[in-house]
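# Observations on the model geometry
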Amino acid sequence: MNDLVNIGFGNYMNSNRVITILNPDSAPIKRLKEEAKAEKKLIDATYGRRTRAIIITDSNHVILSSIQPETIAHRFTEHSGKNIKLKENTSR
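Residues numbered from 1 in each chain as written. Predicted model: local features only at pLDDT ≥ 70, side-chain atom pairs only at ≥ 80, totals over all residues. Heavy atoms only, no water.

## Topic: the side chain of Thr51
Worth spelling out the cut-off: Helical segments are the DSSP runs of H or I of at least four residues, strand segments are the runs of E of at least two, and each set is numbered from the N terminus. Note on definitions: a residue-residue contact is assigned when non-hydrogen atoms from the two residues lie within 4.5 Å.
Take Thr51: it is sitting in the loop between β4 (42-44) and β5 (53-57). Setting aside anything within four residues of it in sequence, one finds Thr51 in contact with Pro24, Thr46, Leu64 and Ser65.

## Topic: the sheet that holds β5
Quick reminder of the rule: The criterion for strand pairing is that DSSP finds at least two bridges linking the strands in question. Angles run from 0 to 180 degrees between N-to-C directions of axes, and those axes are lines fitted to C-alpha atoms, restricted for helices to the stretch in contact.
On the basis of which strands lie adjacent, the open sheet formed by 4 strands has the order β3-β5-β6-β4 and mixed pairing. The open sheet has two edge strands, β3 (18-22) and β4, and neither has a second partner. Neighbour-to-neighbour, the strand axes of the sheet open up by a mean angle of 20°, direction not taken into account. Across 4 bridges, the pairing between β3 and β5 is antiparallel. Pairing of Thr20 across the sheet is with Ile56, part of β5.

## Here we look at the side chain of Thr57
For clarity, the cut-off: A 3.5 Å cut-off defines polar contacts: any pair of N or O atoms within that distance qualifies, except that in protein one atom must be a possible hydrogen donor and the other a possible acceptor, and neighbouring residues in sequence count only when both atoms are side-chain atoms.
With respect to the helices, strands and loops of the structure, Thr57 is situated in strand β5. Only 3.1 Å separates the side chain of Thr57 from the side chain of Ser59, close enough to count as a polar contact. Once residues within four sequence positions are removed from consideration, Thr57 is found in contact with Met13, Arg17, Val18, Ile19 and Ile63.

## Structural notes on the packing of aromatic side chains
Two aromatic rings, taken as a pair, are described by how far apart their centres are and by the angle between their planes. Put simply, the test is: Pairing of aromatic rings covers Phe, Tyr and Trp, the last counted by its six-membered ring, and requires centre-to-centre distances within 6.5 Å; plane angles under 30 degrees mean stacked, over 60 mean edge-to-face, and any other angle means tilted.
Counting across every chain of the model gives 1 aromatic pair. On the numbers, 5.7 Å between centres and 50° between planes, the contact of Phe9 with Tyr47 is tilted. Taken together, the residues Phe9 in the loop between β1 (4-8) and β2 (11-14) and Tyr47 in the loop between β4 and β5 connect sequence positions 38 residues apart.

## Observations regarding the environment of Leu22
Among the secondary structure elements, Leu22 is positioned in strand β3. Each C-alpha atom, one on Leu22 and one on Glu70, is 9.4 Å from the other, the two residues being 48 residues apart in sequence. Apart from residues lying up to four places away in sequence, Leu22 is in contact with Ile29, Arg52, Ala53, Ile54, Ile56 and Pro69.

## Considerations on the environment of Phe9
Counted only if it meets this: Throughout, exposure labels follow a simple rule: accessible area from a 1.4 Å probe, protein chains only, divided by the maximum for the residue type, with under 20% read as buried, over 50% as exposed, and the rest as partly exposed.
For Phe9, a relative accessible area of 37% puts it in the partly exposed group. Spatially, the C-alpha atoms of Phe9 and Ala45 are 7.8 Å apart, while their sequence positions differ by 36 residues. Aside from chain neighbours lying at most four places away, what touches Phe9 is Ala45, Thr46, Tyr47, Arg49 and Ser66.

## Considerations on the pattern of salt bridges
Rules: Here, a salt bridge means any Lys or Arg side-chain nitrogen found within 4 Å of an Asp or Glu carboxyl oxygen.
Counted according to the given criterion, the structure contains 1 salt bridge. For Arg17, the salt bridge is made with Asp58, and the minimal N-O distance between the two is 2.6 Å. Of this pair, Arg17 sits in the loop between β2 and β3 while Asp58 sits in the loop between β5 and β6 (62-65), placing them 41 residues apart in sequence. For Asp58, a relative accessible area of 41% corresponds to the partly exposed category.

As structure tokens, then:
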């Protein structure tokens, strides 16, 4: 079943296809974004705004969103009806 979740500005995606939701600030994530662009697998859903989250799908597509990763993750867990505890990596 297709479970569509809002990723910002009227854009929706199938929640069953998501592998991870990342913060775009690190250099390896920026490289991942550039590689996806070169491979024509980058989807920009920011409407020209600052990228705040990068979503990786099971088909290796990279989706840019201007919504915070925590907000998107909350929408996914809210939509699925599962009580999933989100953990944040604090080992900086």
